[in-house]
Amino acid sequence: MLPDAHPVPKPMRAMDLFTFNQQFFDFLESCPTPFHTTSFIAKNLQEAGFTELTESEDWQISSGSGYYCCRDNGSIIAFKSGLESNMDSPWRMIGSHCDSPALQIKPNAIKKTSHAVDQLCVEVYGGPLLGTWFDRDLGIAGRVTLLDDTGQLLVHTIDFKRPMAIIPSLAIHLDKTANKDHTIEKQKHLYPLLCQSHDNNLPIKELLFRQLEDQYTSLATKKILGYDLFCYDTQKPALIGPNSDFIAAGRLDNLVSCYVGLKALLEDYLVDNCLLLCSNHEEIGSSSVAGAQGNFLQTVLARLLPDVPLKNRVMNKSLFISMDNSHAVHPNFAERHDTQPLPLLNHGPVIKYNSNQRYATTSRSAAPYQILCDETGVPHQSFVMNNDMRCGSTIGPIAATSLGVQTVDIGVPSLAMHSIRETTGSSDPHMLYQTICHYFTRSQLPQAGN
Ligand code: CO
């Protein structure tokens, strides 16, 4: 493979590590749910000159312009064609997911107790480390479906932006084996405390009504029809350690990748057609109207490449980089990992391999990413699951299967995956950003021939 003939222009990757992390923290705080992430990304793209497309309308696409399209408020596809690209040009795609394991509020949200408190009724969304949800200042956020006073059906994001509930632990005095054997019964132990009980019920819709009034001053809500609400940790993201070596925050899996994708797509000097997918419902298997098992990406690409033989040719020479956080070695539990050189924090993004294709990486699909790293001076590491443990998966194999596109699974090394507060290195997200910027702006996509 030849080195890049046209080095990346100077303004590229101008954002330094400090600014990058600061803006990343703002992004994390603005995005407590996939609905917020999707609308945050859409707003930023719109401000950068991207045009919104809706799936119910016909599309007129001009080359050199940027576009985005949302589905079900929780997934977004954004793309921009390079100035010199044409219908035949390869697509440089990246995909990530914007949902995280959480506690989702049930339709019948309030449970009255005989102990002077009202509690929230929640379901477990995905696979959270449940123990980490105790003793946290939980906010409530999501989307609300409503009728306004003109009879229009509307969907709005909502975020109380302050602690609204808490799940207190049982005191150690009442649970002598708590530090040894602590089973959490999902149906019994996970009711967050909401408020002191009063004679009058406090219906959840009344709370939502008031919050909507605060957030949307010109909105006249007539009736709230339903909601998709989640609890989240209100603790702010933080740099940790005397040298600020680590980042601790909620939803790092996988908002790191969504943020990197957004920032890279906003760079100038894109060459080929570049595409970002942020997908909802990955944590629950991706089967939904907006999930990666659905037809969102396929239908968008079918509109852009309506000629099927042409689409097949283009996909054959395109690349999909599936970005999702990876496990760094946990120094207290190193024996849980494979014995090979283990992914370390702040040592660069990880290429994830699995012989059963739970990750889509092969030696062939990993090669372009390795080249991108080498050319940007960013180190890369590899991850293979311990043979005695079940390997997770990503949207990578789904993209590879449905599009017939070469796909590589990569991600930022992290600790405490699926905790309410996860940890990653403070340099790794920026390193990933650098390689993805280079991916989008390199004069040619490094790709092996057939
Ligand atoms: Co993930």
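Keep in mind that this is a model prediction, so the values were computed, not measured. (Residues numbered from 1 in each chain as written. Predicted model: local features only at pLDDT ≥ 70, side-chain atom pairs only at ≥ 80, totals over all residues. Heavy atoms only, no water.)

Visitor: When you look at the sheet that holds strand S16 (residues 350-353) in this model, what are you seeing that I'm missing?
Guide: Consider a sheet: its strands pair through backbone hydrogen bonds, and that pairing is either parallel or antiparallel. Taken together, the nine strands give an open sheet; going across it, the order is S1-S2-S3-S13-S4-S14-S18-S16-S17, and neighbouring strands pair in mixed fashion. Strand pairing shows two members of the sheet lacking a second neighbour, strand S1 (51-53) and strand S17 (381-384), which therefore form its edges. Pairwise comparison of adjacent strand axes, ignoring direction, gives a mean angle of 25° for this sheet. Bridge count between S16 and strand S18 (residues 406-411): two bridges; the pairing is antiparallel. Bridge pairing in S18 places Val350 opposite Gly411. (Pairing = 2+ DSSP bridges. Helix = DSSP H or I, 4+ residues; strand = E, 2+ residues; numbered from the N terminus. Axes fitted to C-alpha atoms, helices over the stretch in contact; angles between N-to-C directions.)

Visitor: Help me understand the coordination of the cobalt ion, please; the structure alone is not making it clear to me.
Guide: By definition of the ideal shapes, four donors in a tetrahedron about a metal sit 109.5 degrees apart, and six donors in an octahedron sit 90 or 180 degrees apart. Taken together, the protein donors to the cobalt ion comprise His97 (NE2), Asp253 (OD), Asp324 (OD) and Asp324 (OD), at separations of 2.0 to 2.7 Å. Considering all four donor atoms around the cobalt ion, the spread of angles at the metal, 51 to 139°, places the coordination shape in the irregular class. Sequence positions of the donors to the cobalt ion reduce to the motif H-x155-D-x70-D. Linking His97 in strand S4 (residues 91-97) with Asp324 in the loop between strand S14 (319-323) and strand S15 (326-327), this pair joins segments that are 227 residues apart in sequence. We classify Asp324 as buried; its relative accessible area is 5%. (Donors = N, O, S within 2.8 Å, 3.2 Å for Na, K, Ca; no water. Tetrahedral: all angles 85-135°; square planar, octahedral: opposite > 155°, others 65-115°. Buried < 20%, exposed > 50% of the residue type's maximum accessible area, 1.4 Å probe, protein only.)

Visitor: Just to check I follow, could you spell out the side chain of Ser89 for this structure?
Guide: You can see Ser89 is positioned in the loop between strand S3 (75-80) and S4. Judged by its relative accessible area of 9%, Ser89 falls in the buried class. In this structure the side chain of Ser89 is engaged in a polar contact, spanning 2.8 Å, whose partner is the backbone nitrogen of Asn86. In this view, Ser89 contacts Asp272, Asn273 and Val314; residues no more than four positions away in its chain are not counted. (Polar contact = N/O pair within 3.5 Å; in protein donor to acceptor, adjacent residues only side chain to side chain. Contact = heavy atoms within 4.5 Å.)

Visitor: Got a minute to help me understand the pattern of salt bridges in this structure?
Guide: Side chains carrying opposite charge are able to pair once their charged atoms draw close together. A complete count under the given rule lists twelve salt bridges for this structure. Arg136 is the partner of Asp233 in a salt bridge, and the nearest nitrogen-oxygen pair spans 3.1 Å. Of this pair, Asp233 sits in strand S10 (residues 221-233) while Arg136 sits in the loop between strand S6 (117-125) and strand S7 (138-148); the two residues are 97 residues apart in sequence, bridging distant segments of the chain. When the shortest N-O distance is used, the salt bridge between Glu206 and Arg210 registers 3.7 Å. Of the two residues, Glu206 and Arg210 both sit in helix H4 (residues 204-215), four residues apart, roughly one turn of that helix. Accessibility expressed as a relative area gives 37% for Glu206, which makes it partly exposed. Salt bridges linked by common partners bring Asp72, Arg143 and Asp228 together as one network. (Salt bridge = Lys/Arg side-chain N within 4 Å of Asp/Glu carboxyl O.)

Visitor: In this structure, what is going on with the packing of aromatic side chains? I would like to understand it.
Guide: Scanning the entire structure with this criterion turns up ten aromatic pairs. Of the aromatic side chains, those joined through ring pairs into one cluster are Phe20, Phe24, Phe25, Phe27, Phe40, Tyr259 and Tyr433. Of note, Lys111 hangs over the ring of Tyr191, and the distance from its end group to the ring centre comes to 3.9 Å. In this structure, Arg303 is placed above the aromatic ring of Trp59, and the distance from its NZ or CZ to the ring centre is 4.3 Å. (Phe/Tyr/Trp six-rings, centres within 6.5 Å; stacked < 30°, edge-to-face > 60°. Lys NZ or Arg CZ within 6 Å of the ring centre and 35° of its normal.)

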